[in-house]
Structures are given as structure tokens and as C-alpha cells.
Amino acid sequence: MSLRFPASRRLRRRFFTRDPITLAMDLLGCALVWKKGDRVLAVRLVEVEAYLGEGEDPASHAWRGRTARNSQMFATGGRLYVYFTYGMHYCMNVVSGKEGQAGAVLLRAAEPLVGEALMERRRGRGGRELTNGPAKLCQAMGIDLRHNGLDLVEGPLGIWPHERPGSIVRTPRIGIRRGRELLLRFHDPVSPYVSHRSQRKPRSEH
DNA sequence: CCATAGATTGACT
DNA sequence: GTCAATCTATGGA
């Protein structure tokens, strides 16, 4: 199997400038590719979550408006929004919508396609533990705050159509309290790399 | 397989 | 001061 990601097929701006829910579903099955010189890392996205704009979604970092941390969520679709959490982890999002219109898609899990050996070195683990969670995926791909604001439409990191899932399952998002009733997590049910806690017991409401 | 505790720092109330 | 869009180790069924 020879995996090539020619510039001609790379996803362009208008793919990303749509609403976060549509973008989330269309990102499933796509390849996230890091290309720099002769080094290539690639994964197939199998689990994502949509986060909506200011005042629309209490779980979204954009809920209470623009701040220094979340400012990339208000940028044009196709940028990368990386945040630091729990004192030690990074998570990455693909920004959706038009400039000024907040929204993003959290990349939660993926299947390794190219560069698995480097991912194993970075993770200190193998198999599905490589990329079956948002912070694990960032660690495997080498993504941190330096990459916040990167444009996926050009430059070393980009997204290519790859292999669409046979079906898409829609569930509550993971690790949030408010906004649980919105079913904004999407995953490919047959992928072994989907993060394990899909049906985790929800934390009590009050 | 499941449940729980601890890690560790920055953003925000 | 509180708590987070998480992960890992550990202990039990």
C-alpha cells in the first residue's frame, strides 16, 4: 500500500469554512498529514467532537466570548486550535466557519497510517494506545502550543480525503458536564482506535 | 473488563 | 481558590 498525499487533493479553505457539525462528520475518515522534508506522519481520523460558537454551547471554550487562549476559535476555518489542559496535556482542534465565527472540531482519535515507529517512540507505547485519545494523538503527532494557529490549508500540516467510514455513530461528548445533551461526538464504530470511554458514566449534574 | 486517584499548571471566577 | 474538551497506574471483579 503506497500512501501519497499530493497537493492537488489536499482539502482547501472552503471545506473548512462550514459549520462545525458538518465539518466534524466530513473529517471522519480523512487523513491528517504532517509533511516536512522527507519526514511524513499520517493518521486516519476516527473520532471527533464539534464545539459551537459564543453563547451557543456551554461546553465550548468560545462560550463566554473571545479570550487570549481561545482566539484561534474565532479565526477562519482551516486553522489549528491547540490548547493546554490538566497541567500537562495538549489537544488539537480544526477551526470551522468563517473569520469571526467561532467553532472548532476536537480531534479525539485516529488510526496510524505512516510513521508509526516515531509515534511509538514519542508515546512510549504501541497498538491502539498510540492515538486513541485527544492528548495521545497530539503526543504521537508531536503537536503542542507552538502549532496553535497553524494553517492546515498550506504548510507542513494538512488534511486529505482518505477512507470514509462505513457508518457514523453520534453520542454525547466526553469529559464535559454542561452541553451533554447535544450529541456532538462522532466516531467510526468499527475502528479499534476509538477512545474507550464512549459510554462512560456521566458525572453527576449537581 | 471497570473504577478510582493523582499528576500538575494556567485560565478564569 | 477552583477546576479543567486527560492520561496513567493500580487494584479489584
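Residues numbered from 1 in each chain as written. Chains lettered and ligands numbered in written order. Predicted model: local features only at pLDDT ≥ 70, side-chain atom pairs only at ≥ 80, totals over all residues. Heavy atoms only, no water.

Moving on, we get to the nonpolar core. Burial of nonpolar side chains together is a common tendency in soluble globular proteins. Leu27, Leu32, Met92, Leu107, Met141, Leu157 and Ile159 are the most contacted members of the largest nonpolar core, which has 37 residues in total. Looking at this core, the element that brings in the most residues is strand E2 (residues 39–51), giving five residues. Apart from the residues lying within four places of it in its own chain, the contact partners of Leu27 are Phe15, Leu45, Val94, Val105, Leu107 and Ile159. Judged by nonpolar contacts, the second largest core, of 13 residues, contains Tyr51, Tyr83, Val95 and Ile176. (Core = buried A, V, L, I, M, F, W, Y, C linked by side-chain atoms within 4.5 Å. Buried < 20%, exposed > 50% of the residue type's maximum accessible area, 1.4 Å probe, protein only. Helix = DSSP H or I, 4+ residues; strand = E, 2+ residues; numbered from the N terminus. Contact = heavy atoms within 4.5 Å.)

In the vicinity of DNA strand C there are 23 residues, among which His61, Tyr83, Tyr86, Asn93 and Arg123 approach most closely. Measuring from a phosphate oxygen of DNA strand C, one finds a backbone N or O atom of Ala135 at 3.0 Å. Mapped onto the surface near DNA strand C, the elements with two or more residues apiece are strand E4 (89–95), strand E5 (104–114) and helix H4 (134–141). Partitioning the surface near DNA strand C into residue classes produces eleven nonpolar, five polar and seven charged. (Near = heavy atom within 4 Å. Polar contact = N/O pair within 3.5 Å; in protein donor to acceptor, adjacent residues only side chain to side chain. Nonpolar A, V, L, I, M, F, W, Y, C, P; charged D, E, K, R; others polar.)

Burial runs high along E4: five of the seven residues are buried. As paired elements, strand E3 (residues 80–85) and E4 share six bridges and run antiparallel to each other. Bridge pairing in E4 links Thr85 to His89. Counted between consecutive antiparallel strands, the loop separating E3 from E4 contains three residues, among which Tyr86 sits at a positive phi close to 55°. For E4 and E5, the ladder comprises three bridges, and the chain directions are antiparallel. Bridge pairing in E5 places Asn93 opposite Leu106. (Pairing = 2+ DSSP bridges.)

Close to DNA strand B lie Arg64, Thr67, Arg69, Tyr86, Gly87, Met88 and His196. The sugar-phosphate share of atoms of DNA strand B within 4 Å of the protein amounts to 57%. At a separation of 2.6 Å, a base oxygen of DNA strand B approaches a polar backbone atom of Tyr86. Between a base oxygen of DNA strand B and a main-chain N or O atom of Gly87, the distance comes to 3.4 Å. Tallied by class, residues from the surface near DNA strand B come to two nonpolar, three polar and two charged.

Take the environment of Gly133 next. Residue position: Gly133 is located in the loop between helix H3 (116–123) and H4. In this structure Gly133 comes out as buried when scored by relative accessible area, which is 6%. For Gly133 and Ile176, which are 43 residues apart along the polypeptide, the C-alpha to C-alpha distance reads 15 Å. Residues within four places of Gly133 in sequence aside, it is in contact with Arg108, Ala109 and Ser195.

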